[in-house]
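What follows is each chain in one-letter form.
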Amino acid sequence: MNVQTQIDTTSPRTTEHFDVLIAGAGISGVGAAYHLTTQCPGTSFVALEAQKTFGGTWTTHRYPGIRSDSDLHTFGYRFKPWTSAPIASAAEILKYMGDVIEENDLASHIRYQHTITSAKWSSEENLWTIEATRTDTGEKRRFTTNFFWMCQGYYRHTEGYTPEWQDMAKFKGRIVHPQKWPEDLDYNNKRVIVIGSGATAATLIPAMAADCAHVTMLQRSPTYFRTGRNAIEIAEELRKLQVDEKWIHEITRRKILFEQDAFTRKTFAEPEAAKKDLLSAVEAYLGKDYDIATHFTPKYRPWRQRIAFIPDGDLFQGIKSGKASVVTDEIDRFTEKGILLKSGKELEADIIVTATGFNLSANGDIEFAVDGKPLDFADSVTYRGMMFTGVPNLVWVFGYFRASWTLRVDLVADFVCRLLTHMKATGAKKVTPELRPEDHNMPLLPWIDPENFNPGYMMRGMHLLPKRGDKPEWQHNQDYWAEKDEFPNIDLKDKAFVYG
Ligand SMILES: Cc1cc2nc3c(=O)[nH]c(=O)nc-3n(C[C@H](O)[C@H](O)[C@H](O)COP(=O)(O)OP(=O)(O)OC[C@H]3O[C@@H](n4cnc5c(N)ncnc54)[C@H](O)[C@@H]3O)c2cc1C
């Protein structure tokens, strides 16, 4: 680390330099830090995190029952075995991440309560200048770095997305967004409406059902869910045989990934059969008399939106017990007592939870500029969903929708470490992805094809995201099974990488 005094006397007064600067200390940022220490020893780096502690998503969200919706063998890192039940609570995930930080001595590399506000690239110096504000003192801090590794996730942590419904202000009870769960919220014996049908609603409802008078899941349209035991047989078997946890982790990962691959392919090749598999699992919990057609049968093909896993069918058990119910209808407006539906029915409530999603934030709300020119990522084309044309020495970690996010954290980290090692060996100071001559007539399309995947936050924010091309190099193909083989073989001498 090299601290130098600035000539100007305005705050910030000092600039610290690091070879690599990581934005965020969620599962991506901590993973990036681990890989840098192990694959690029001797590289100086810092991770700046806006919040008071690590964890990202798992620190921000504090609603009842908060848990993963994918298994931790694959949501966990490939290098650190997961040894408990596959669906994990936020507390368990934070403990796991804390262990990674402690075991690898990463704490001294992370600065908390540092919100990055701007990132400016200078081609003259081949450096990013990053400015951050300390959230506790308001103090401005300045850093320079050769390489900016964006691990700031994909949504705004400070506030969730709540649509504007008519007459919301008239409602006499409390309206709560799960991203800002009030510590003092008492829902004991209260009537609760949860608006939404995604993973958050599906987690909240069983967690609250026992204590509430009643909880209603109000959805405009249904969602697919997968359900089953919160256990993985092969892991249990291997554990009985006292197989080393490292092996269990790897074997279980392979088994899960093999099965997920087969299921994903089935959703494309035989969507009706895949749909039947999902719906019959729901029917096994709710019985034949339950109106699964209305409440749990989406109109879209499975996997066009994320499919949450419901461990031990707890959502369905809550419905079966009568403590929870589902209403599929549209909101006309809020009333003093609750919500008036388009069907004319009024749902009464003491608390309304708007589990209506996120605000996409592709750049961590950081003001970017390249050589004095403001940077709009939407004007760039993505290199494999992690780098951007015209933007030097920058990588963004954007995980998978249909597989665990962290699988890509590890893959991108291998790539970055290989790239940094290559640049060091060749003396390159910068690398900028650029379209090759053969790419110039390539059609430029939105970041993701809505026919392929279309969650609300993506559709609302697509205009903010970089463009994709129609070749594998110029898109985030959302296919872990292809990328796990492609990424290690990315040719760093390809003309798509312009070095300087
Ligand atoms: C409730 C919930 C459950 C989920 N469950 C799963 C799951 O089971 N499986 C799965 O694969 N995915 C899941 N996801 C998606 C999940 O967000 C990602 O998988 C993963 O946690 C993202 O990790 P990340 O580190 O990239 O980003 P985040 O977890 O979003 O962390 C980013 C961090 O960067 C910080 N940051 C942002 N901007 C700045 C800035 N300007 N300056 C400094 N710091 C900044 C934030 O404070 C945050 O701590 C879930 C998401 C939610 C909301």
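Analysis parameters
- Residues numbered from 1 in each chain as written.
- Predicted model: local features only at pLDDT ≥ 70, side-chain atom pairs only at ≥ 80, totals over all residues.
- Heavy atoms only, no water.
- Pairing = 2+ DSSP bridges.
- Helix = DSSP H or I, 4+ residues; strand = E, 2+ residues; numbered from the N terminus.
- Axes fitted to C-alpha atoms, helices over the stretch in contact; angles between N-to-C directions.
- Left-handed = near helix turned anticlockwise from the far one by under 90°.
- Contact = heavy atoms within 4.5 Å.
- Nonpolar A, V, L, I, M, F, W, Y, C, P; charged D, E, K, R; others polar.
- Near = heavy atom within 4 Å.
- Polar contact = N/O pair within 3.5 Å; in protein donor to acceptor, adjacent residues only side chain to side chain.
- Areas by Shrake-Rupley, 256 points an atom, 1.4 Å probe, with all protein chains shown as cover.
- Buried < 20%, exposed > 50% of the residue type's maximum accessible area, 1.4 Å probe, protein only.

### A short note on the sheet that holds strand S15 (residues 338-341)
Move 1: Here 3 strands make up an open sheet; going across it, the order is S14-S15-S16 and the pairing antiparallel. Looking along the sheet, the strands with just one partner apiece sit at the ends: strand S14 (331-334) and strand S16 (346-348). Each neighbouring strand pair of the sheet contributes to a mean axis angle of 25°, computed without reference to strand direction.
Move 2: Where S14 meets S15, 3 bridges bridge the pair, whose relative direction is antiparallel. In the strand pairing of S15, Ile331 is matched with Leu341.

### With respect to the packing of helix H1 (residues 27-39) against helix H11 (residues 405-426)
Move 1: Contact pair H1 / H11: the axes reach a minimum separation of 9 Å and the direction vectors enclose 35°. Note that H1 runs across H11; the crossing there is right-handed. Counting all contacts with H1, which are made through Ile27, Ser28, Gly31, His35, Leu36 and Gln39, the residues of H11 involved are Trp405, Thr406, Val409, Asp410, Ala413, Asp414, Cys417 and Leu420.
Move 2: For the contact of H1 with H11, a count of residues per class yields 7 nonpolar, 5 polar and 2 charged.

### Quick word on the site of the ligand
Move 1: Taken together, 33 residues sit near the ligand, with Ser28, Glu49, Asp69, Ser70 and His157 positioned nearest.
Move 2: Here an oxygen atom of the ligand and a side-chain polar atom of Thr57 are 2.7 Å apart.
Move 3: Contacts to the ligand include Ile116, whose backbone N or O atom sits 2.9 Å from a nitrogen atom.
Move 4: Out of a free accessible area of 980 Å², the ligand has 95% covered by protein chains.
Move 5: Contributions of two or more residues to the shell around the ligand are made by H1, helix H2 (57-60) and strand S5 (114-122).
Move 6: Examining the composition of the shell around the ligand, we find that 3 residues originate from one element, S5, more than from any other.
Move 7: Looking at the shell around the ligand, its residues break down into 14 nonpolar, 16 polar and 3 charged.

### Examining the side chain of Thr203
Move 1: Examined against the element boundaries, Thr203 turns out to sit in helix H5 (residues 199-209).
Move 2: With relative accessibility at 6%, the residue Thr203 sits in the buried group.
Move 3: Setting aside residues no more than four positions away along its own chain, Thr203 makes contact with Tyr63, Pro64, Gly65, Ile66 and Arg67.

Purely spatial values, then, with no claim about function.
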